[in-house]
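Chain by chain, the residues:
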Amino acid sequence: MTTSSLFAQELPISENYFVDQYSLSSAYAGNSSNNAFFASYRKDWAGLSEGPKTIRLSYNDDFKTNAGFGAKLIMDKIGIFQSLFAIGSYSYRVKLNETSKLLFGLSAGLHQNSINFSDYYNDPNFTGDPSMMNKDVKSKMKFISDFSMVYSNGRFQSGFLFSNLGISDYKYSEVQVKYSPFMTYQLHANYSLPIQEIWTLTPLVIYRGGKNIGSQLEIATNMMYKNKFWGNIAHRGKSIFCVGFGMDISKGIIFNYTYNLSSAVSVNSFQNHELSIGVR
């Protein structure tokens, strides 16, 4: 008999961080100029019918004098695997001096995994055990949390985020399957540079990693015109290139779109699209 172990962690990715900083770190909930409601749909590996799909709803706002709150509802589907996240966030800011402050964020919520075996066994190209037809299983709800901190000084911001998507294994009572999550971390830094009063250039660096997870560096730049129109470019990992654009359509109604391609994979297979609508 031969046995083996597989280590993996699939985290929903969003590239809304220039228009919705709360998507980057829970410490920004209610502590940035981007307090808003956002709804987004992301399609990864668009050339494949079973490529990942993510639907995300989020809202954050200030609360009392130095506090903020936020909430996220995320559904992430990859083939026959589906994850549901329901997360609430609390943030607090501490003023250090006239120009600098510390932002603290704490999130907690529930996460459930599902395995939709019916999507697999009902495939007309598959002939298998009829006893498993229409057999879907779900894990028990698990507690999830993250902790983050951001240092802000004028136009410069830098911070970290630690996420733990579960304290123990996700087990399914119906079948002998379990899912082992791992702690992840994220570091980021950005600086907003005004140009001739009507343009703002914002470079951003993000570094992600975790236990049994390969680290990944993302470098992005956003150019905004009169706080109404913007475009951005990014490079993630070894071969992923991103472009995006957006606008404030009218009275705080935000539209944002990003597109990814990879130099290492056929364009017909890899393309990623994310479309977001927000209301500030």
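Residues numbered from 1 in each chain as written. Predicted model: local features only at pLDDT ≥ 70, side-chain atom pairs only at ≥ 80, totals over all residues. Heavy atoms only, no water.

### Focus: the pairing of strand β5 (residues 100–116)
Rules: Burial here depends on accessible area, computed with a 1.4 Å probe over protein chains only, as a share of the maximum for the residue type. Under 20% is buried, over 50% is exposed, and the range in between is partly exposed. Under the scheme used here, helices are H or I runs from DSSP no shorter than 4 residues and strands are E runs no shorter than 2 residues, and both carry numbers assigned from the N terminus. Any two strands with at least two DSSP-identified bridges between them are counted as paired.
With respect to burial, β5 is a largely interior element, 12 of its 17 residues being buried. The antiparallel hairpin formed by strand β4 (residues 81–95) and β5 contains four residues in its connecting segment.

### What to know about unusual backbone geometry
Even without being glycine, Trp-45 reaches a positive phi, approximately 50°. Position of Trp-45 among the secondary structure elements: in the loop between β1 (37–43) and β2 (53–63). Even without being a glycine, Gln-196 presents a positive backbone phi close to 55°. Tracing the chain through its elements places Gln-196 in the loop between β12 (193–195) and β13 (199–210).

### With respect to the side chain of Ser-148
Just so we agree on the cut-off: We define a polar contact as two N or O atoms separated by no more than 3.5 Å, with the added condition that, inside protein, one atom must be a possible hydrogen donor and the other a possible acceptor, whereas residues neighbouring each other in sequence contribute only through side-chain atom pairs. Any two residues whose heavy atoms approach within 4.5 Å at even a single point are treated as in contact.
In this structure, Ser-148 sits in strand β7 (residues 142–153). What makes Ser-148 buried here is its relative accessible area of 0%. There is a polar contact of 2.8 Å between the side chain of Ser-148 and the side chain of Ser-26. For Ser-148, the residues in contact, after removing those within four places along its chain, are Ser-25, Ser-26, Ala-27, Leu-103, Phe-104, Gly-105, Phe-160 and Leu-161.

### Details of the pairing of strand β17 (residues 253–262)
In this structure, strand β16 (residues 240–250) lies alongside β17, joined through 10 bridges in antiparallel fashion. The partner of Ile-240 across the bridge, within β17, is Ser-262. Hairpin connection between β16 and β17: a loop of two residues separates the two successive antiparallel strands, and Lys-251 in this loop has a positive phi of roughly 50°. As paired elements, β17 and strand β18 (residues 272–279) share eight bridges and run antiparallel to each other.

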